[in-house]
Amino acid sequence: MRKTIVAGNWKMFTDLAEANELITGLKNNFQNKNQIEVVVCPPFTHLSAVSLSLQGSSIQLGAQNVYPEEKGAYTGEISPAMLKSVGCQYVIVGHSERREYFHESNAFLNKKLQFALQNGLTPIYCVGEKLEERESDQTFKVIEAQLKEGLSGFSAAQLKNIVIAYEPVWAIGTGKTASPEQAQEVHAFIRQELAKLSDAATADAITIQYGGSVKPDNVTELMGKPDIDGALVGGASLKADSFLAIVNY
Ligand code: PGA
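Residues numbered from 1 in each chain as written. Predicted model: local features only at pLDDT ≥ 70, side-chain atom pairs only at ≥ 80, totals over all residues. Heavy atoms only, no water.

Thoughts on the overall build of the protein chain
Counting its regular elements, the protein chain contains twelve helices and eight strands. In terms of C-alpha radius of gyration, the protein chain reaches 17 Å, essentially the compact-globule figure of 18 Å for 249 residues. Each principal axis of the C-alpha atoms in the protein chain carries an extent, and together these give about 45 × 45 × 35 Å. Looking at the protein chain as a whole, 52% of its 249 residues qualify as buried. Long-range pairs, those at least 24 residues apart, make up 72% of the contacts in the protein chain with a sequence separation of at least 6. Accessible area of the protein chain: about 11,000 Å², with a carbon and sulfur share of 52%. One way to put it: in the protein chain the 22 positive side-chain charges average out to a point 4 Å from where the 28 negative ones average out. (Helix = DSSP H or I, 4+ residues; strand = E, 2+ residues; numbered from the N terminus. Rg over C-alpha atoms; globule rule 2.2 N^0.38 Å. Buried < 20%, exposed > 50% of the residue type's maximum accessible area, 1.4 Å probe, protein only. Contact = heavy atoms within 4.5 Å. Areas by Shrake-Rupley, 256 points an atom, 1.4 Å probe, with all protein chains shown as cover. Lys, Arg positive; Asp, Glu negative; His and termini not counted. Charge placed at Lys NZ, Arg CZ, Asp CG, Glu CD.)

Here you go:
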């Protein structure tokens, strides 16, 4: 059974007071009428505080990044066990901003996925093409490599514990959303690739989120597509009212 998961990626926004205010607004007004799993992914500095505020609510906690080692001399980095210890269930891996600005390769992301899974975290693995790749008909090729290399070596049982987020880079933070048809086409392709890496039943059970300028006014149409099982939301998750309108779509 696929879960519908909507995650809010706050990126490098909010100070602690703003984060607390946002969480209070979400907690008090999330009705869960669609039976979806809602995840908030605040910056590392707010994870403990947000985790405490979320106690007793069904909203889950995720981190935006993780370092692929158990422990050691890696100044400034955070291990999967540390994330678990403050109550994280999810972690975003391979966001296009990490790939672009921090040069994270598919092989390095594969290691992050391994460590996250080993420590009982559910990774949200991001894939997606840049504008020039779409324009030169490279979309499927790029995504195929991100999936094959990033997910290499995982069993079907492990793959079932990974969430995939399709985020066309040209749609992130730009206000340009992929049309529901464009998104569905790539989601169906991703599911087909996942089946090649495992089997059809496993691929069918994996949650594939869409991300890239998801807003209250386009979420319903996107979620109506057969292979779109959730959303990864950036900008619109930074205001309780717009994030609530999305999760209560
Ligand atoms: P956006 O960001 O909703 O602001 O486009 C999505 C993301 O980067 O995950």
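Anyway, onward from the coordinates.
Comments concerning the side chain of Glu167
With respect to the helices, strands and loops of the structure, Glu167 is situated in the loop between β6 (163–166) and α9 (180–197). At 6.5 Å, Lys11 is the nearest oppositely charged side chain to Glu167, a buried residue that forms no salt bridge. (Salt bridge = Lys/Arg side-chain N within 4 Å of Asp/Glu carboxyl O.)

Let's talk about the site of the ligand
Around the ligand sit 13 residues, and of these Lys11, His95, Glu167, Gly173 and Ser213 come closest. Take Lys11: an N or O atom from its side chain is 2.8 Å from an oxygen atom of the ligand. Computed on the free molecule, the ligand has an accessible area of 280 Å², of which 95% lies beneath the protein chains in the complex. By residue class, the composition of the shell around the ligand is four nonpolar, seven polar and two charged. (Near = heavy atom within 4 Å. Polar contact = N/O pair within 3.5 Å; in protein donor to acceptor, adjacent residues only side chain to side chain. Nonpolar A, V, L, I, M, F, W, Y, C, P; charged D, E, K, R; others polar.)

As for unusual backbone geometry
Notably, Lys11 is not glycine yet its phi reads approximately 50°, a positive angle. With respect to the secondary-structure elements, Lys11 resides in the loop between β1 (5–9) and α1 (16–29). Since its relative accessible area comes to 18%, Lys11 is described here as buried. Of note in the backbone geometry, His103 takes a positive phi value of approximately 50° without being a glycine. Relative to the helices and strands, His103 resides in the loop between α4 (96–101) and α5 (106–118). Accessibility expressed as a relative area gives 67% for His103, which makes it exposed.

Digging into the nonpolar core
One finds Val6, Val40, Tyr125, Leu151, Ile164, Ile190 and Tyr210 to be the most contacted residues of the largest nonpolar core, which totals 60 residues. At five residues, the largest contribution of residues to this core is made by α9. Ignoring any residue separated from it by four or fewer positions in sequence, one finds Tyr125 in contact with Val93, Arg99, Asn106, Leu109, Leu113, Gln146, Gly150, Leu151, Ile162, Val163, Ile164 and Ala165. Judged by nonpolar contacts, the second largest core, of eleven residues, contains Val39, Cys41, Tyr90 and Val163. (Core = buried A, V, L, I, M, F, W, Y, C linked by side-chain atoms within 4.5 Å.)

Structural notes on α1
Here α1 contains 14 residues, and its C-alpha end-to-end distance of 20 Å stays within 8% of the 20 Å for a straight helix at 1.5 Å per residue. Restricting attention to buried positions, one finds in α1 the residues Ala19, Leu22, Ile23, Gly25 and Leu26. Relative to the axis of α1, the buried residues are bounded by an arc of 160° and lie together on one face. Summarising the geometry of α1, the exposed residues directed more than 90 degrees from the buried face are Ala17, Glu21 and Asn28. On its buried face, α1 sits against β2 (37–41), α2 (47–53) and α12 (240–247). One side-chain oxygen of the residue at the start of α1 lies 3.2 Å from the amide nitrogen of Ala17, identifying that residue as Asp15. (Expected span 1.5 Å × (residues − 1). Arc of directions from axis to C-beta.)

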